[in-house]
Amino acid sequence: MYTKLKSAFQRLREHPLMQVLADNPGNPRTLVLIEPLWGIPYNLLAPFTTLYMYTQGITDVQIGLILSIAMVVQVFFSFFGGILSDKLGRKFTTMLGDFFGWAMACLVWAVSNNFWLFLLAAVLNCFEQINQTAWYCLLIEDARPKDLVNIYTWVNIGGLVAIFFAPLSGLFVNAYSVVPVVRVLYFLFSLTMVAKTLITFKFCRETRQGRIRRAETKGVSVLHMLGEYRQLIPRLLRDKGVLKAVAVSVILYIANMVNTTFFSLYVTQRLGLSENYLAFFPILNAAVMLVFMVGIQHRLHVANFRTPLWIGLALYGIAVTVLLLSPAGGLGFVLFYVFAAAVAAALVNPRKDALLQLNLNAQERARLNALIMASTIALSSPFGYLTGWLSSLDRRLPFAFNLLLFLAAMLVIGRIQDPQMEEAND
């Protein structure tokens, strides 16, 4: 028995995902390990956030309007995210976004009971866009380029592990109803994000590139740095590799927004499934993704980005088609959708993020990330209202729209080139 346990432990240590943590101490390891502080409360809440609003009288169109307004504000914060990441450093900017974008926003969500409070919480949550640029830089700038896919896989795993707590929220919702349970969860979410901010302060360090950019931008005004985007934008538009990676990110951002916002309404209001299932679906999704990421993905030995991305997008398309064909009460159809979409996400998400970062110039990563994020949100913002309107006509229409998005992404993926792994992060 001891020999078998020792052998199993040795195999675990030699797993590529464990090796990447051993080879990348410091920020990558710390940020990966504390990700559940965000992932646990977020995934406990995710199945019920739209119902939380809907139950309190917020209509489909108002939900879509909140999404679109928030996206416009996110564009503003995204532009300044890169500048603040350079001037204040990746570490401090990450802490700033976590505190205001999540801790404070969740306090407002916890007491929201009308359109205006929900809108205020969504606007506060836009501070998280400041965090996004800095967090990605803090995560990967001191890591080896060839490890980026596995690092992003760990980020996904950190959120997925948290989903196994989801039955608790389902049980409480069944016992006490949606609104009081979600209010408590939002309050707890605020506390965990305060803890995450403090841990980042204690155990993370500023990146090498972050120190360089902070020294270079010392004494340079924010307005002057904002004006420098005039030089960055043409440079970005001339880089076909980056543009294709951005196109894929925008398409998947919109598709994820649609699924996150309208899946719960679709399966409960149109298919007639019980609200109790909403906590089970994320668990199935997480279990499938974890099994695939930990037990299967490293055995595929695929040397390029295109093949896994294309297969994943094809799976997304098949999953959405099955969901659209589901009859009322068709639990089996919904389970297939969740299963296929989970495998697709395991293939697509880490590679999509790594593909974008490997195509960026390391010296301007913060501002380029901010510019890309702002562009992604700006291009996506009309679709919040559009899909809310489509859902008000027929709850199938947002998912039919998603099917078109996945087909478009497949066309783009067919034209990308694989990045040079060792040269992308010099």
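Above this text is the structure in question.
Model, not experiment: these values are computed from the prediction.

1. Here we look at the packing of helix α9 (residues 128–140) against helix α20 (residues 365–393)
Here's step 1: Remark: α9 packs on α20, axes separated minimally by 9 Å, with the N-to-C direction vectors making an angle of 140 degrees. On the basis of their axis angle, the class for α9 and α20 is oblique. Crossing handedness for the pair α9 and α20: right-handed. Listed contacts from α20 to Gln 129, Gln 132, Thr 133, Cys 137 and Ile 140 of α9 are Arg 365, Ala 366, Asn 369, Ala 370, Met 373 and Ile 377.
Here's step 2: Residue composition of the contact of α9 with α20, by class: 6 nonpolar, 4 polar and 1 charged.

2. Some words on the packing of helix α6 (residues 60–88) against α9
Here's step 1: Look at α6 against α9: their axes get within 7 Å of each other, and the N-to-C directions meet at 40 degrees. As summarised for this structure, α6 and α9 are arranged oblique, according to the angle between their axes. In this structure, α6 meets α9 at a crossing whose hand is right-handed. On α9, the residues that touch Gln 74, Phe 77, Ser 78, Gly 81, Gly 82, Leu 84 and Ser 85 of α6 are Gln 129, Ile 130, Thr 133 and Ala 134.
Here's step 2: The class makeup of the residues in the contact of α6 with α9 is 4 nonpolar, 7 polar and no charged.

3. A few points about α9
Here's step 1: Across its 13 residues, α9 extends 18 Å between first and last C-alpha, which sits within 8% of the 18 Å expected from 1.5 Å per residue.
Here's step 2: Burial analysis of α9 places 13 of its 13 residues in the buried class, which makes it a mostly covered element.

4. Describing the nonpolar core
Here's step 1: By size, the foremost hydrophobic cluster in this structure holds 131 residues, and its most contacted members are Phe 263, Val 267 and Val 334.
Here's step 2: Setting aside residues no more than four positions away along its own chain, Val 334 makes contact with Phe 263, Val 267, Leu 271, Leu 273, Phe 281, Leu 323 and Ser 326.

5. What to know about the environment of Pro 382
Here's step 1: When you line up the elements, Pro 382 lands in helix α20.
Here's step 2: Once the C-alpha coordinates of Pro 382 and Ile 254 are considered, the two residues, 128 residues apart in sequence, prove to be 9.9 Å apart.

6. Some points on the environment of Gly 64
Here's step 1: Looking at where Gly 64 falls in the secondary structure, it is placed in helix α6.
Here's step 2: The spatial distance from the C-alpha of Gly 64 to the C-alpha of Val 179 is 20 Å, given a sequence separation of 115 residues.
Here's step 3: Contacts of Gly 64, omitting those with residues within four sequence positions, involve Gly 384 and Tyr 385.

7. Things to note about a positive patch on the surface
Here's step 1: On the surface, a cluster of positive charge is made up of Arg 205, Arg 208, Arg 211 and Arg 214.
Here's step 2: With respect to the helices, strands and loops of the structure, Arg 211 is situated in helix α13 (residues 208–216).

What counts and what doesn't
- Residues numbered from 1 in each chain as written.
- Predicted model: local features only at pLDDT ≥ 70, side-chain atom pairs only at ≥ 80, totals over all residues.
- Heavy atoms only, no water.
- Axes fitted to C-alpha atoms, helices over the stretch in contact; angles between N-to-C directions.
- Helix = DSSP H or I, 4+ residues; strand = E, 2+ residues; numbered from the N terminus.
- Parallel < 35°, antiparallel > 145°, perpendicular 65-115°, else oblique.
- Left-handed = near helix turned anticlockwise from the far one by under 90°.
- Contact = heavy atoms within 4.5 Å.
- Nonpolar A, V, L, I, M, F, W, Y, C, P; charged D, E, K, R; others polar.
- Expected span 1.5 Å × (residues − 1).
- Buried < 20%, exposed > 50% of the residue type's maximum accessible area, 1.4 Å probe, protein only.
- Core = buried A, V, L, I, M, F, W, Y, C linked by side-chain atoms within 4.5 Å.
- Patch = residues over 30% accessible without salt bridge, like charges linked within 9 Å, V, L, I, M, F, W, Y side chains within 5 Å.
- Areas by Shrake-Rupley, 256 points an atom, 1.4 Å probe, with all protein chains shown as cover.
- Salt bridge = Lys/Arg side-chain N within 4 Å of Asp/Glu carboxyl O.
- Lys, Arg positive; Asp, Glu negative; His and termini not counted.
- Charge placed at Lys NZ, Arg CZ, Asp CG, Glu CD.

Without other data, these values stay purely geometric and don't point to any function.
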